[in-house]
Amino acid sequence: MSVRIRRLRYRDLPAVGRIERAAFGTPWPAREFAFELAKPSGLCLAAVTEDGLAGYLVACPQGRLWNLRNVAVATSSRRLGVGSTLLRALLESERVAGSNVVLEVRESERGAIALYERFGFYVAGRRPEFYGDNHEDAVLMWCSSPRR
Ligand SMILES: CC(C)(COP(=O)(O)OP(=O)(O)OC[C@H]1O[C@@H](n2cnc3c(N)ncnc32)[C@H](O)[C@@H]1OP(=O)(O)O)[C@@H](O)C(=O)NCCC(=O)NCCS
């Protein structure tokens, strides 16, 4: 499957909403994505196939770190390398390469954790009962993106 990475746009938000609601029990509302898209410093990427939007990734700088805030792939496009293509694009991007990248992930999201470990993220800590909906722990993961 051919996957192209480009910037995420406001006009993607309806398709983002569909993917987000299928991916998460507590999906971000559209205004959260709009807020991230409005940040000049953020990095919001779209993965596009011949069928349209297949996934997206949202990251923003926090001081000297980058925070990977959201990544999701359409159910029908999973395990085809879309998530990997998005992560690679982030870690190899001019602005992020050479920086430390952090993220929080639900401990039950074993697939996402496996994906992150494949890209060199390691577990740096836990936030007990971080998620209000089910009191699940967040796993804090960290990686040093190689310099370009
Ligand atoms: C996590 C997610 C983004 C992965 O996207 P994807 O496009 O399916 O990932 P890839 O195809 O690039 O997977 C690359 C590797 O990651 C690992 N992986 C991905 N999903 C996995 C799963 N469900 N179970 C186990 N390993 C998994 C595997 O090692 C996989 O390689 P393989 O397919 O050769 O075995 C996608 O499953 C998703 O949107 N999940 C719901 C939202 C979510 O949990 N987001 C992360 C929150 S922080």
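Residues numbered from 1 in each chain as written. Predicted model: local features only at pLDDT ≥ 70, side-chain atom pairs only at ≥ 80, totals over all residues.

K.L.:
I would appreciate a short explanation of the overall build of the chain in the present structure.
P.N.:
Within the chain one finds 4 helices and 7 strands. When its helices and strands are written in sequence order, the chain yields β-α-α-β-β-β-α-β-α-β-β. Seen through its principal axes, the chain has C-alpha atoms that stretch 40 × 40 × 30 Å. Here the chain holds 148 residues, and 26% of them are scored as buried. Considering only contacts within the chain whose residues lie at least 6 apart along the sequence, 57% involve residues at least 24 apart. (Helix = DSSP H or I, 4+ residues; strand = E, 2+ residues; numbered from the N terminus. Buried ≥ 20, exposed ≤ 12 C-beta atoms within 10 Å, placed from the backbone. Contact = placed C-beta atoms within 7 Å.)

K.L.:
Looking at this model, I keep getting lost on the site of the ligand. Mind explaining?
P.N.:
Lining the immediate environment of the ligand, one finds 19 residues, of which Arg-78, Gly-83, Ser-84, Gly-111 and Leu-115 sit closest. Those elements that place two or more of their residues in the shell around the ligand are β4 (65-73), α3 (82-91) and α4 (110-118). Taken together, the residues of the shell around the ligand sort by class into 10 nonpolar, 4 polar and 5 charged. (Near = placed C-beta within 6 Å. Nonpolar A, V, L, I, M, F, W, Y, C, P; charged D, E, K, R; others polar.)

K.L.:
Is there a simple way to explain the environment of Gly-25 in this structure?
P.N.:
Of note, Gly-25 is situated in the loop between α1 (13-23) and α2 (30-38). For the pair formed by Gly-25 and Asp-12, sequence separation is 13 residues and the distance between their alpha carbons is 21 Å.

K.L.:
Where do I start with the nonpolar core in this structure?
P.N.:
Nonpolar side chains tend to gather and get buried jointly when the protein is soluble and globular. Counting residues in hydrophobic clusters, the biggest one holds 33 residues, and the most contacted among them are Leu-45, Tyr-56, Leu-57, Ala-59, Leu-68, Leu-86 and Leu-90. Among the elements of the structure, α1, β2 (43-49), β3 (52-62), β4, α3, β5 (100-106) and β7 (138-144) are those that each provide at least two residues to this core. Here this core gets 6 residues from one element, more than from any other, and that element is β3. Dropping the residues within four chain positions of it, Tyr-56 is found in contact with Leu-8, Val-16, Leu-45, Ala-46, Ala-47 and Ala-72. (Core = buried A, V, L, I, M, F, W, Y, C linked by C-beta atoms within 7 Å.)

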